[in-house]
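In case you want the letters, here they are:
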Amino acid sequence: MISTDPSLWIIRPKPNERARVRLYCFPFAGGAASIFHTWPHLFPTDIELCAIELPGRGRRIKEPLVKRLAPLVEATAAALQPDLDRPFAFFGHSMGALLCFELTRCLRRHNQPLPKLLAVSGRKSPQLSTSPPFIHTLPEPEFWAAIKQLGGTARAVFENEEMRQLFFPIMRADFTMIETYAYVPEARLDCAIAAYAGCRDPEVSQEQLEAWKMQTSKSFSMELFPGDHFYIDSSLKVLVNSLANQIGNVLSLEK
C-alpha cells in the first residue's frame, strides 16, 4: 500500500503561501526531490515550487519502491488532491514527464482540477512506441554501463560500491516502471503543454518532442536548449525563465 499522506510527497524548499500558482516538479529516474532544492530561488515570488518525493528515495528511503506506473500515479493523485486549492502547473523531466502526464489524465478521470501548464522535458511523446532493447532486465554490470552512457549520474556513484548498492534498486525499479509502461489512447488534455529537451539529447529527437502537441487541445510550445539529456543542469537558468514565462502566459490568457 502506497502512502497518500501529502506531507510525505510534497517538499517546499521555499514555502510561499502568498504565491498565486504552485509548480509541482517530478524527478527523473533515480532522482529525488532534492534535485530541485536550488530551483525556487530562480523563480519569481508568485510561483511556489513544490518538489515531489517518490517512495523509496530521499526522506522516504525506507518505503518500498514502486515498479509500475499506474499505482504510483493513483497514489500521487490522492496525495496532491488536498493541495490543489489554487492554480498549479506540472514539470517533469524524463521519467518525471511520463509521470506528470499520466497524473494529469488521472486527475481528469477523477474530476479534479488540471494543471494550467503541463511542462514535459527530455521525453518523447507517450503515444510513440518504445521498443527493445530494454535495460531494466540487464545484469547489474551491464545495467550500470547503460546508465553511464545516458550521463547525468554523479561519478561518485560509479566509483563507490556502497553508493552503487544504494542506488541500484532505485534505478532498476524506475527503469522497470518506464519500460513496462503501456500507452492507452484518451482524449486530448484541456491544458497547455510546453515540451523541452537538450538539442544533443540521444533519448529524444525534435520530431519525437514535437509529437507532444497531439496530447493537448490547448496551446503547445517547444523549446530546445544547449546540452544533452541532462541539459536541466547546464541550462537551468534559461529553462526556469522559460517555465516562468509559460506559466505567466497561460494564467494571463484566463483573465
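Residues numbered from 1 in each chain as written. Predicted model: local features only at pLDDT ≥ 70, side-chain atom pairs only at ≥ 80, totals over all residues. Heavy atoms only, no water.

Give me the sheet that holds strand β3 (residues 47-52): which residues, what numbers.
What the seven strands build is an open sheet, ordered β1-β3-β2-β4-β5-β6-β7; its pairing is mixed. Both edges of this open sheet fall to β1 (10-11) and β7 (220-225), since each of them pairs with a single strand only. Judged from the five bridges that link them, strand β2 (residues 21-26) and β3 form a sheet pairing that is parallel. Along β3, the bridge assignment pairs Val21 with Ile47. Those strands touched by helix α2 (residues 69-80) are β1, β2, β3 and β4 (88-93), and its axis lies near 155 degrees from that of β2. Running at roughly 145 degrees to β4, helix α3 (residues 95-109) makes contact with β2, β4 and β5 (117-121) of the sheet. (Pairing = 2+ DSSP bridges. Helix = DSSP H or I, 4+ residues; strand = E, 2+ residues; numbered from the N terminus. Contact = heavy atoms within 4.5 Å. Axes fitted to C-alpha atoms, helices over the stretch in contact; angles between N-to-C directions.)

Before we move on, could you go through the packing of α2 against α3 and cite the residues and values that matter?
The geometry of α2 relative to α3 is characterised by a closest axis approach of 9 Å and an angle of 65 degrees between their N-to-C directions. Considering only the axes of α2 and α3, their crossing is right-handed. Of α3, the residues touching α2 (which contributes Leu69, Leu72, Val73, Glu74, Thr76, Ala77 and Leu80) are Leu98, Leu99, Glu102, Leu103, Cys106, Leu107 and Arg109. When its residues are assigned to classes, the contact of α2 with α3 shows 10 nonpolar, one polar and three charged. (Left-handed = near helix turned anticlockwise from the far one by under 90°. Nonpolar A, V, L, I, M, F, W, Y, C, P; charged D, E, K, R; others polar.)

Give a detailed account of the packing of aromatic side chains, specifying residues and quantitative values.
One pass over the structure, following the stated rule, counts 14 aromatic pairs. Consider the rings of Tyr24 and Phe88, whose centres lie 6.0 Å apart with planes at 75 degrees: the pair is edge-to-face. Of this pair, Tyr24 sits in strand β2 while Phe88 sits in strand β4, placing them 64 residues apart in sequence. Across the pair, exposure class does not vary: Tyr24 and Phe88 are buried alike. Here the aromatic rings of Phe143 and Phe175 are separated by 6.0 Å at their centres, their planes lie at 90 degrees, and the arrangement is edge-to-face. Of this pair, Phe143 sits in helix α4 (residues 140-150) while Phe175 sits in helix α6 (residues 161-179), placing them 32 residues apart in sequence. Since its relative accessible area comes to 10%, Phe175 is described here as buried. The side chain of Arg60 reaches across the aromatic face of Trp9, ending 4.4 Å from its centre. Looking at Arg172, its charged tip hangs above the ring of Phe143, at a distance of 5.3 Å from the centre. (Phe/Tyr/Trp six-rings, centres within 6.5 Å; stacked < 30°, edge-to-face > 60°. Buried < 20%, exposed > 50% of the residue type's maximum accessible area, 1.4 Å probe, protein only. Lys NZ or Arg CZ within 6 Å of the ring centre and 35° of its normal.)

Describe α2, naming the residues involved and giving the relevant values.
Between its first and last C-alpha, α2 extends 16 Å over 12 residues, near the 16 Å set by a 1.5 Å rise per residue. Buried residues of α2: Leu69, Leu72, Val73, Ala75, Thr76, Ala77, Ala79 and Leu80, and no others. (Expected span 1.5 Å × (residues − 1).)

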